[in-house]
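Read off the chains here:
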Amino acid sequence: MIHRYLIAIGSNVRVAGVGGPHRVVDAAVLALAEVGEVAEVSRTRSSRPIGPSLRSYANAAAVVESESEPAHFLARLQQLEFRFGRRRRGAPWRARSLDLDIVLWSGGVWLTPDLVIPHPLFRERPFVSGPAAEVAPHWRDPVTGLSLRQLASRLAHA
């Protein structure tokens, strides 16, 4: 069975051999082809950081099709993050070479101790909802029933 995943992509650190955050996002989109078929990609945009980080982020979103179930798909995304220099230790708001988050998937809600879909904070983050609405405007949040376009519009006017 083919599943569709909406992935939020972010970076705010230069990666050796790749470049600055915008180039990291571009390279990450290409690398996503290793975990599934990339069906849609948003434009990359800059955003202000959350928390104490001072470095701006580059953000995008992609729709990726894969036969992997969510837990296995997450493990593959984390392998890509590791290849780009991401180390999961320290403060949660620290700078990141690459952040790949599963925002939504075609199976609705997924709830385990290691993974929650929909992403618990995506409704509050315009740097996620804007790119997400660009690539999947009619996808619906299974919790609120709102489309990504509606959620992005609400954040843009908040």
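None of the values given here were measured: they were computed from a predicted structure.

1. Regarding the pattern of salt bridges
Here's step 1: Enumeration over the complete set of coordinates arrives at five salt bridges.
Here's step 2: Close ionic contact of Glu65 with Arg4 constitutes a salt bridge, the shortest N to O distance being 2.4 Å. Of the two residues, Glu65 is situated in strand S4 (residues 57-66) and Arg4 in strand S1 (residues 3-11); the sequence distance between them amounts to 61 residues.
Here's step 3: The exposure class assigned to Glu65 is partly exposed, which follows from its relative accessible area of 21%.

2. Considering the confidence of the model for the protein
Here's step 1: For the protein, the mean per-residue pLDDT works out to 90, and 90% of the residues sit at or above 70.
Here's step 2: Averaged pLDDT values over the elements of the protein bottom out at 88 in strand S3 (residues 45-47) and peak at 97 in strand S2 (residues 37-41).

3. A few points about helix H1 (residues 21-31)
Here's step 1: For H1, the complete set of buried residues consists of Pro21, Val24, Val25, Ala28, Val29 and Ala31. Buried residues along H1 cover an arc of 160 degrees about the axis, so they all sit on one side. Residues Arg23 and Leu30 are exposed on H1 and point more than 90 degrees away from its buried face.
Here's step 2: Buried positions along H1 lie against S1, S2, S4 and helix H2 (70-83).

4. Remarks on the packing of aromatic side chains
Here's step 1: Counted by the stated rule, this structure contains three aromatic pairs.
Here's step 2: Between Tyr5 and Phe73 the ring centres are 3.9 Å apart and the planes differ by 5 degrees, which places this aromatic pair in the stacked class. Within this pair, whereas Tyr5 is found in strand S1, its partner Phe73 is found in helix H2, the two being separated by 68 residues in sequence.
Here's step 3: Residue classification places Tyr5 among the buried residues on the basis of a relative accessible area of 0%.
Here's step 4: Chaining the aromatic ring pairs together yields one cluster made of Tyr5, Phe73, Trp105 and Trp110.

Cut-offs used in this document
- Residues numbered from 1 in each chain as written.
- Predicted model: local features only at pLDDT ≥ 70, side-chain atom pairs only at ≥ 80, totals over all residues.
- Heavy atoms only, no water.
- Salt bridge = Lys/Arg side-chain N within 4 Å of Asp/Glu carboxyl O.
- Helix = DSSP H or I, 4+ residues; strand = E, 2+ residues; numbered from the N terminus.
- Buried < 20%, exposed > 50% of the residue type's maximum accessible area, 1.4 Å probe, protein only.
- pLDDT = per-residue confidence, 0-100.
- Arc of directions from axis to C-beta.
- Contact = heavy atoms within 4.5 Å.
- Phe/Tyr/Trp six-rings, centres within 6.5 Å; stacked < 30°, edge-to-face > 60°.

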